[in-house]
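Tertiary structure, described
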Amino acid sequence: MSTIKSFDPELLETRDVHKLLSSSIAPRPIAFASTIDAKGNVNLSPFSFFNVFSTNPPILIFSPARRVRDNTTKHTLQNAEETKEVVINIVDFLMVDQMSQSSNEYAKGVNEFIETGLTEVPSLKVKPPRVLESPVSFECVVDNIISLGEHGGAGQLVIAKVVHIHVKSDLLDINDQIDPVKLDLVARLGGDWYTRVTKDSMFKLAKPKG
Ligand SMILES: Cc1cc2nc3c(=O)[nH]c(=O)nc-3n(C[C@H](O)[C@H](O)[C@H](O)COP(=O)(O)O)c2cc1C
């Protein structure tokens, strides 16, 4: 029988808490967030502390945390605070290298679309552009930002309301439902690990009767 090792997060280094959390709370979807600052500079960065939390209204939440290293904030958070808009693009397997490259710590004002070679497409209802290569993109307005703390590692929840949705038409069936095999999603695990959603890695489970 396997034994259990227990940890009190208060007694661990923040980095070690991060490793235990991010390896176990997985796979996590990736929000590839496009934002602009007050001067109109475009930014594009990935965030896997991300999910959907409401359908009506449609709400997505992601968390650009304060850096553990020096407690600075991410440009994405600064832009979301300044201009209150974000486009959350979904990441498929074809885009993983560019998505990873965009997570480099570029200087403020550097446009990661240009650095990665991804293509900007103007949005319909918000100012940040969407990613042409993404299978699905959500134009959002920022409803609220909730700070979970002031120290390095503290999540900053960007609560984003979806105002427009773009889906590549070849992913949709005749009822406008997304085919999960064609979507070819990727998700983040702990450390440098990712996973790819393929036909072999999926299974169906019918809802329980009654
Ligand atoms: C797949 C992936 C997921 C990431 N998820 C997060 C996250 O949830 N929160 C976070 O603060 N940083 C996350 N990062 C790191 C940021 O992308 C990175 O700090 C980036 O430089 C932030 O850019 P910005 O300062 O232009 O916003 C992630 C990186 C990758 C590659």
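Here we summarise the structure given alongside this text. Throughout, a residue's number is its position along its own chain's written sequence, starting from 1. The predicted nature of this model means local features are confined to residues of pLDDT at least 70 and side-chain atom pairs, given and counted, to a pLDDT of 80 or more, with totals for whole chains, interfaces and linings taken over all residues. Excluding hydrogens and water, the side-chain values take into account all heavy atoms of the structure.

Now for the packing of aromatic side chains. Aromatic ring pairs: the centre-centre distance and the angle between the two ring planes describe each pair. Ring geometry is summarised as follows: Phe, Tyr and Trp rings, the Trp one being its six-membered ring, pair when their centres sit within 6.5 Å, and such pairs are stacked at plane angles under 30 degrees, edge-to-face over 60 and tilted between the two. This structure, assessed with the given rule, holds 1 aromatic pair. Summarising the aromatic geometry, the rings of Phe47 and Phe62 are spaced 5.4 Å apart at their centres and angled 45° between planes, so their arrangement reads as tilted. Here Phe47 is found in strand β2 (residues 42–47), whereas its partner Phe62 is found in strand β4 (residues 58–62), with 15 residues between them in sequence. If you follow Arg196 out to its NZ or CZ, it ends over the ring of Phe93, 3.7 Å from the centre. Runs of H or I in DSSP of at least four residues are treated as helices and runs of E of at least two as strands, each being numbered from the N terminus. Two thresholds decide whether a charge sits over a ring: the Lys NZ or Arg CZ must be within 6 Å of the ring centre and within 35 degrees of the ring normal.

The subject of this paragraph is the site of the ligand. The full set close to the ligand counts 21 residues, and Pro46, Ser48, Phe49, Ala65 and Thr76 are the nearest of them. Any pair of N or O atoms that falls within 3.5 Å is considered a polar contact. Within protein, one atom must be able to donate a hydrogen and the other to accept it, and sequence-neighbouring residues count only if both atoms are side-chain atoms. Here a nitrogen atom of the ligand and a backbone polar atom of Ser63 are 2.9 Å apart. Backbone polar atom of His75 to an oxygen atom of the ligand: 2.9 Å apart, as the coordinates give it. Residue assignment for the shell around the ligand shows that the elements contributing at least two residues are β2 and α2 (75–83). Ranked by the residues each element gives to the shell around the ligand, the list is headed by β2, at 4 residues. Under the scheme applied, nonpolar residues are Ala, Val, Leu, Ile, Met, Phe, Trp, Tyr, Cys and Pro; charged residues are Asp, Glu, Lys and Arg; polar residues are all the others, including Gly. Per-class residue counts for the shell around the ligand are 8 nonpolar, 8 polar and 5 charged. Here a residue counts as near a molecule or strand whenever at least one of its heavy atoms sits within 4 Å of it.

On to the nonpolar core, then. To define a nonpolar core, start from buried Ala, Val, Leu, Ile, Met, Phe, Trp, Tyr and Cys residues and group those joined through side-chain atoms within 4.5 Å. Per-residue accessibility, obtained with a 1.4 Å probe over protein chains only, is compared with the maximum for each type, and a residue is labelled buried under 20%, exposed over 50%, and partly exposed between these values. Formed by 20 residues in total, the largest nonpolar core has its most connected members in Phe50, Leu60, Phe62, Val86, Ile88, Phe138 and Cys140. Those elements that place two or more of their residues in this core are β1 (31–36), β4, α2, β5 (85–90), β8 (136–147) and β9 (156–167). Here this core gets 4 residues from one element, more than from any other, and that element is β8. Only heavy atoms enter the contact rule, under which two residues are in contact if any of them lie within 4.5 Å. Discounting chain neighbours no more than four positions away, the residues touching Cys140 are Leu60, Glu85, Val86, Val126, Ala160, Lys161, Val162 and Val163. Counting 13 residues, the second-largest nonpolar core is a separate cluster that includes Phe32, Phe113, Val131 and Val186.

Note that Asn104 resides in the loop between α3 (96–102) and α4 (112–116). Here the alpha-carbon distance between Asn104 and Phe138, two residues 34 residues apart in the chain, equals 23 Å.

It is worth spelling out the side chain of Ser22 at this point. Along the chain, the position of Ser22 falls in helix α1 (residues 14–24). With a relative accessible area of 5%, Ser22 lands in the buried category. Polar side-chain contacts of Ser22 include one of 2.7 Å to the backbone oxygen of His18.

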